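Descriptive structure summary
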Amino acid sequence: MSVIVVSPLARIGEMAVRHGCRDMLSLMAVGHTFHRPGVIAAERHLTLGLNDITFAGNDRLIAPAETHVEAIVTFARAWQRETPLLVHCWMGVSRSPAAAAIVALAIAPDQDDEALADRLRAASPFATPNARLIAIGDAMLGRGGRLVAAMKRIGRGRDADGNTPFVFDPLPFSVTPPMVPADAE
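The following paragraphs examine the structure supplied in this document. (Residues numbered from 1 in each chain as written. Predicted model: local features only at pLDDT ≥ 70, side-chain atom pairs only at ≥ 80, totals over all residues. Heavy atoms only, no water.)

**Let's talk about the nonpolar core**
The criterion, for reference: Note on terminology: a nonpolar core comprises buried Ala, Val, Leu, Ile, Met, Phe, Trp, Tyr and Cys residues joined through side-chain atoms within 4.5 Å. Accessibility here uses a 1.4 Å probe with only protein chains present; expressed as a share of the type maximum, an area under 20% marks a residue as buried, one over 50% as exposed, and anything in between as partly exposed. Contact definition: two residues touch when any of their heavy atoms are within 4.5 Å.
One finds I4, L25, L27, I72, M151 and F168 to be the most contacted residues of the largest nonpolar core, which totals 43 residues. What I4 contacts, discounting residues up to four positions off in sequence, is W79, L85, V87, A100, V103, F166, V167, F168 and P170. One finds V3, I12, M15 and I40 within the second-largest nonpolar core, a separate group that totals 12 residues.

Here it is in structure tokens:
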């Protein structure tokens, strides 16, 4: 099994190459253009257009919705896990950590939500998963409020500069190497 590399947009090329990623999930505002790293094939890249908000949105902002979470779950279940999955948003702090948690539960639904939240916090002291994505994921994956409660328990992460990628193990009992910061050599 492989890991999830969570990254800010500014570092996706570096992280894709450094970690050998071949699949990428992008959660960006509609109209925000960026270049897909050359090591990621177009058919192994999913881009979702949504803003990092927790309210219903308006004519300028697109709130996370069920269709976004459905797409994350479908993409996660298609991920072959032979190489790390790169998940990113603008700063790598809110949308992408929430998507990483949803991916983890989509591929390993029997895991404990509290332990998942603890692994996420251990991987990144900065992660503050988008509450709306988490709530939709909780409902869609039949977590019964456990994922929402677990993420509330770990609380808001420390202030971030938007330049701190991290590696997250999506499985509770994995044979992957211990979690290390994505910047570790």
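**Things to note about helix 1 (residues 12–19)**
Short version of the rule: Secondary structure elements follow DSSP: runs of H or I of four or more residues count as helices, runs of E of two or more count as strands, with numbering from the N terminus. This arc is taken over the directions from the axis of the helix to the C-beta atoms.
Those residues of helix 1 lying buried are I12, M15 and A16. For helix 1, the arc enclosing every buried residue in end-on projection is 100°, short of the 170-degree limit, so these residues lie on one face. Contacts made by the buried residues of helix 1 are with strand 1 (4–8), strand 2 (23–28) and strand 4 (85–89).

**Observations regarding the sheet that holds strand 4**
Let me state the cut-off plainly: At least two bridges found by DSSP between two strands are what make those strands a pair. For helices, the axis comes from a line fit to the C-alpha atoms of the stretch in contact; other axes are also lines fit to C-alpha atoms, and the angle between any two N-to-C directions lies between 0 and 180 degrees.
Here five strands make up an open sheet; going across it, the order is 3-2-4-1-5 and the pairing mixed. Where the open sheet ends on each side, the last strands, each with one partner, are strand 3 (45–49) and strand 5 (166–168). Averaged over all pairs of adjacent strands, the angle between strand axes in this sheet comes to 20°, irrespective of strand direction. Examined bridge by bridge, strand 1 and strand 5 share three bridges and lie antiparallel to one another.

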